[in-house]
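Listed below are the residues making up each chain.
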Amino acid sequence: GSHVDTIIVSSSDDGVSSEQRASHEEIVHCHFSAIIPFTGFIGEYIPNEPSYEDAVAIAFAVQHLNDGDGSIVPEIDGLDNRCKVKFSVEFADTQLQAGMALKHTLDQTSNRNRRKVSAASENDEIESKITPCAFIGAYRSAVS
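Please read all numbers here as calculations on a predicted model, not as lab measurements.

**Digging into the overall build of the chain**
Helix and strand content of the chain: 4 helices and 8 strands. Each helix (α) and strand (β) of the chain, taken in turn from the N terminus, gives the series β-α-β-β-β-α-α-β-α-β-β-β. Within the chain, the fraction of its 144 residues that count as buried is 34%. Long-range contacts, defined as pairs at least 24 residues apart, comprise 57% of the intrachain contacts of the chain with a sequence gap of at least 6. Carbon and sulfur atoms provide 53% of the accessible area of the chain, an area that totals close to 8,900 Å².

**Quick notes on the packing of aromatic side chains**
Per the counting criterion, the structure on display carries 3 aromatic pairs. Considering the side-chain rings of Phe32 and Phe87, the 5.8 Å spacing of their centres and the 5° angle between planes classify their relative orientation as stacked. On the criterion of sequence distance, the pair formed by Phe32 in strand S2 (residues 24-36) and Phe87 in strand S5 (residues 85-93) is long-range, its members being 55 residues apart. Residue classification places Phe32 among the buried residues on the basis of a relative accessible area of 15%. Ring geometry for Phe38 against Tyr52: centres 5.0 Å apart, planes inclined by 50°, an arrangement best described as tilted. With a gap of 14 residues between them, Phe38 in the loop between S2 and strand S3 (39-41) and Tyr52 in helix H2 (residues 49-67) connect regions that are remote in the sequence.

**Quick look at unusual backbone geometry**
Trans peptide bonds make up the majority, and among non-glycine residues the majority have a negative phi. Even without glycine at this site, Gln95 takes up a positive phi of about 55°. Within the secondary structure, Gln95 is located in the loop between S5 and helix H4 (98-109). Positive phi outside glycine occurs at Leu96, with the angle close to 60°. Relative to the helices and strands, Leu96 resides in the loop between S5 and H4. Given the relative accessible area of 34%, Leu96 is considered partly exposed.

**A few points about the nonpolar core**
Core analysis: the biggest nonpolar cluster contains 8 residues, these being Cys30, Phe32, Val62, Leu65, Ile76, Leu79, Phe87 and Cys133. Those elements giving two or more residues to this core turn out to be S2 and H2. When residues no more than four places from it in sequence are discounted, the contact partners of Val62 are Phe32, Phe87, Ser88 and Val89. One finds Ala34, Ile36, Phe38 and Ile58 within the second-largest nonpolar core, a separate group that totals 5 residues.

**Re the state of the cysteines**
Under the criterion given, the structure shown has 1 disulfide. At a sulfur-sulfur separation of 1.8 Å, the disulfide partner of Cys30 is Cys133. An S-S torsion of about 50° defines the bridge between Cys30 and Cys133 as right-handed. Residue Cys30 is found in strand S2, and its partner Cys133 is found in strand S8 (residues 132-137); the two are separated by 103 residues along the sequence.

What counts and how
Residues numbered from 1 in each chain as written. Predicted model: local features only at pLDDT ≥ 70, side-chain atom pairs only at ≥ 80, totals over all residues. Heavy atoms only, no water. Helix = DSSP H or I, 4+ residues; strand = E, 2+ residues; numbered from the N terminus. Buried < 20%, exposed > 50% of the residue type's maximum accessible area, 1.4 Å probe, protein only. Contact = heavy atoms within 4.5 Å. Areas by Shrake-Rupley, 256 points an atom, 1.4 Å probe, with all protein chains shown as cover. Phe/Tyr/Trp six-rings, centres within 6.5 Å; stacked < 30°, edge-to-face > 60°. Core = buried A, V, L, I, M, F, W, Y, C linked by side-chain atoms within 4.5 Å. Disulfide = S-S within 2.5 Å.

Here's what the structure looks like:
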């Protein structure tokens, strides 16, 4: 199943009154986990260059979701105005190994997974147990 977090975003902009600083907004946060083979072992660990290109495309897609930018996918146009959902993504290197993919999955879904991440604007900060709402990858069915 999928999982989304409801989180509180508090703005901490300098020059704002304490009443404004104390204001919070609840938003839904959907966090993607991209489990990608950034490296592979062939006698030594070597970079898997297409995986880096894939990571850039995934990060770009997340930015388009957050900005409501429909320049590539028209259905996304104005999404940021239609619903209060923010998206984030993190990447994990499977090294083309099932054990590494499992380790990253367990690390990302464990109760110890509490982090601060940037929200929509540079002055917003989210602190939450970030549990992925979706996993992207792995590339090989044996690793998945």
